[in-house]
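Structural overview for review
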Amino acid sequence: MKIKVNKTGRRCKCGYLYSGKVAVGCRKFASYAVVSDRSYQRFLKAEFDVLQAANVGVKLRAIARASKLIGSLLECPDCGRFLLAMPGGSSKTFYLIEDAA
Ligand SMILES: [Zn+2]
């Protein structure tokens with residue numbers, strides 16, 4: 001399987017807009033959480049801290065720590081491209097699966 005890579009924003013190259021609110025008539029997109037293997041233990045600890053927080057302030061700080069360690073993989077329902085948003089917002093890259101040779 002060959003993969004083409006392009007860099008751009010939160011709109012798919014085909015024009016589909018990835019948004020938390022899906023407009024009427026638009027298909028909903030699939031979304032997956034992405035966590036680096038190197039950060040996984042810290043991510044689990046932060047998520048555990050969220051669940052165990054004694055007050056709102058502690059909970060919000062734990063959510064902030066966890067959110068820096070998580071990215072997303074979004075699948076465009078229109079063209080099938082994937083948008084990989086790396087944890088911490090460091091980069092966004094499109095991947096397109098090409099036809100098998
Ligand atoms: Zn697309």
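Helix and strand counts for the protein chain stand at two helices and five strands. Reading the protein chain from its N end, one meets helices and strands in the order β-β-α-α-β-β-β. Expressed as a percentage of the 101 residues in the protein chain, the buried residues total 8%. The long-range share in the protein chain, meaning contacts at least 24 apart out of those at least 6 apart in sequence, stands at 57%.

Once that is clear, we can look at the environment of Ser90. Along the chain, Ser90 turns up in the loop between β4 (82-85) and β5 (92-97). Take Ser90: there are 8 C-beta atoms within 10 Å of it, and that puts it in the exposed class. Taking C-alpha positions, Ser90 is 9.4 Å from Gly71, a pair spaced 19 residues apart along the chain.

This brings us to the packing of helix α1 (residues 40-52) against helix α2 (residues 56-67). The contact between α1 and α2 brings their axes to 8 Å, and the two run at 155 degrees. One way to sum up the angle between α1 and α2 is to call them roughly antiparallel. Pair α1 / α2 crosses with left-handed handedness. Here Phe43, Ala46, Glu47, Asp49 and Val50 of α1 lie close against α2, whose contacting residues are Lys59, Ala62, Ile63, Arg65 and Ala66. Of the residues assigned to the contact of α1 with α2, the class counts are six nonpolar, no polar and four charged.

Our next topic: the pairing of β4. Sheet faces and side chains relate simply in a regular strand, where the side chains alternate between the two faces. Going residue by residue along β4, you find Leu83 and Ala85 tucked away on one face and Phe82 and Leu84 left uncovered on the opposite face. For strand β3 (residues 70-75) and β4, the ladder comprises four bridges, and the chain directions are antiparallel. If you follow Leu73 over to β4, its bridge partner there is Leu84. Between β3 and β4, which pair antiparallel in sequence order, lie six residues; one of them, Gly80, sits at a positive phi of approximately 85 degrees. Pairing of β4 with β5 involves four bridges; the strand directions are antiparallel. The partner of Ala85 across the bridge, within β5, is Lys92. Between the end of β4 and the start of β5, which pair antiparallel, lie six residues, with Gly88 showing a positive phi angle near 80 degrees.

Definitions and limits used
- Residues numbered from 1 in each chain as written.
- Predicted model: local features only at pLDDT ≥ 70, side-chain atom pairs only at ≥ 80, totals over all residues.
- Helix = DSSP H or I, 4+ residues; strand = E, 2+ residues; numbered from the N terminus.
- Buried ≥ 20, exposed ≤ 12 C-beta atoms within 10 Å, placed from the backbone.
- Contact = placed C-beta atoms within 7 Å.
- Axes fitted to C-alpha atoms, helices over the stretch in contact; angles between N-to-C directions.
- Parallel < 35°, antiparallel > 145°, perpendicular 65-115°, else oblique.
- Left-handed = near helix turned anticlockwise from the far one by under 90°.
- Nonpolar A, V, L, I, M, F, W, Y, C, P; charged D, E, K, R; others polar.
- Pairing = 2+ DSSP bridges.

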